Amino acid sequence: MEVEDLGEMRTSWSLSGETHAVLCDHAGKRKQDPISEPATRIMEDDEEEEEEEGEMMSDNHKDSEEPSNKRVKPVAKSNSLTGVITPVKTPALKRIGQSISRSISFRTDARPLPPAPLRSRPKASSFPRRRNSQCWSDTVESHDLTAKEIKRQEVIYELTQGERQLIEDLSLVKKVYYEPMLKLDIMTESELGQIFGTLDSLIPLHEDLLARLERLRGSEKTVGEVGPTLLNWFPCLEAYVTYCCNQVGAKALLDHKKQQKRVEQFLRLCQESSFSRKLDLWNFLDLPRSRLVKYPLLLKEIQKCTPPDHPDEDTLPDALELIQSIVAEVNKKTGEAECQFYRRGLIYLEESQRITEIHQSRFLYCHGELKTNKGQKLHVFLFELALVLTRPVEDRDGGQMFNVYRQPLPNTLINLEEIPDSEAGGGGTFRGAFTGGNDKVKNCFRVSSRGRTKVNPYCLQANDSFSKQQWITCLRQAIVQSRDRSAHTSQSPISLHPDPGLCHIADLSLSSDTDMADHTSR
């Protein structure tokens, strides 16, 4: 093979039965390609060794059929010959250069290249694929609807499919968890009744809604008016008050029973099985609450896609207002049940710790783990009217109780101080408590009492910055609402228990004090 380029030619020569290209001039002498010189030059100790190597290459050119006995560096030679042909955009020349590169081997055994490893098929997952995410448009062959009406049908279809999936999950919980644990005597009937609550009564409710929605679908699989159906059915969701209020004690009992080996093994095997989709028992028990708070979101989407002249335009606002009031009522009752549950678990070490603000509180803003300046872990409760620091303990039956730590603080007397991370060690408060005094302590705040000199300030540390901000937000809101309540009570002595706006922890936003004051004034 010969290629002419600017008065030069590339000739072919054979080494050990293989063809290689070398750049030569018209006299047939070997000429070094300046472009490939950096890639072809072999590092030698001196110039004489380079000349000797050039002579060996010349001998090989004269007698191409005789195998060479000289030692040649394979990597360097391979690089030198693959760089002979300069890169050209022409695909054909690229293929030639690639074929030459693949054909070169210097005194190496003609061994075939190892086969590329076969990609083994991934092991089948232990849980099934995600549920069918089919859209409404996948169920119809053709339609002449507008984009806005298609979106409306999609949301209604999502509402229908959500009901069907919830019914399947609740039925599975009863069949796979409740009945086997009762038959195998893993838990008593009383314990199972407390954990599962009124779950059994929720299935017929959602079966009823599913049947109503299915009847609304016409011959073209479209739903016309959905507002009246939802408006008539939503009052059934008041049954969620009983179920959600029971969840606080149910979660505590389930966590306690998980400490028993037999219960833990059964629940673990169920979670690892295909039917569970890697969800544990509590995930299934919490599905009704998750479904409840989704109804307002779905209704807003349907309302957004409904034309002004549609019949649903009159009923959807009423249905949305109704479901929002039901969710608020369930939220309020659940907060009261949670407050009562943890209030019963408090153990007062001194009679002075039984302040009236704790017993008058009807809900919890938040609760969780915080650390003291000595690194001691505390479980802190921010009730409606009081801040209580506790130490978790176990009772005789293994249940969790809370020893009240020091003196509780009424929210009306709390002074809150946010400690910047750069000043967390200021005044010796956190000196070496968490990090040995070498690093700055982060996510700290201080709570003190105004007007009560006997109560020392509490310096507390959250687990992360988000938790710290959440605590500060809740504390500010509790302080504002408690002081407003106290001022209102002093002005209206007849009304001893005004009903301030209840706010659940899930509804709190990381807003300013002004926003929170506006919220409480509504």
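Since this is a predicted model, take the numbers as computed values, not measurements.

Examining the overall build of the protein
At step 1: A count of helical and extended segments in the protein gives 17 helices and twelve strands.
At step 2: Relative to all contacts within the protein whose residues are 6 or more apart in sequence, the contacts with residues 24 or more apart total 66%.
At step 3: Surface exposure of the protein reaches about 31,200 Å², of which carbon and sulfur atoms provide 50%.

A look at the pairing of strand β7 (residues 386-394)
At step 1: The pairing of strand β6 (residues 377-383) with β7 spans four bridges and is antiparallel. Looking at the pairing, His379 lines up with Thr390 of β7.
At step 2: What sits between the antiparallel neighbours β6 and β7 is a turn of two residues.
At step 3: Here β7 pairs with strand β8 (residues 400-404) via five bridges, running antiparallel. Its bridge partner lying in β8, Glu394 is registered against Gln400.
At step 4: Between β7 and β8, which pair antiparallel and follow one another directly, the connecting turn spans five residues, one of which, Gly398, has a positive phi of 90°.

Let's talk about helix α6 (residues 189-196)
At step 1: Of the residues making up α6, those classed as buried are Glu191, Leu192, Ile195 and Phe196. Down the axis of α6, the smallest arc covering the buried residues is 115°, so these residues share one side. Residues of α6 that are exposed and point more than 90 degrees away from the buried face comprise Glu189 and Ser190.
At step 2: Its buried side turned inward, α6 meets α5 (147-183), α7 (199-216), α9 (240-257) and α11 (281-285).
At step 3: Once α6 finishes, Gly197 follows within two positions and takes phi at roughly 55°, a positive value.

What about the side chain of Thr229?
At step 1: In this structure, Thr229 sits in helix α8 (residues 227-233).
At step 2: The residues contacting Thr229, other than those within four sequence positions of it, are Arg212 and Leu216.

Quick notes on the rules
Residues numbered from 1 in each chain as written. Predicted model: local features only at pLDDT ≥ 70, side-chain atom pairs only at ≥ 80, totals over all residues. Heavy atoms only, no water. Helix = DSSP H or I, 4+ residues; strand = E, 2+ residues; numbered from the N terminus. Contact = heavy atoms within 4.5 Å. Areas by Shrake-Rupley, 256 points an atom, 1.4 Å probe, with all protein chains shown as cover. Pairing = 2+ DSSP bridges. Buried < 20%, exposed > 50% of the residue type's maximum accessible area, 1.4 Å probe, protein only. Arc of directions from axis to C-beta.

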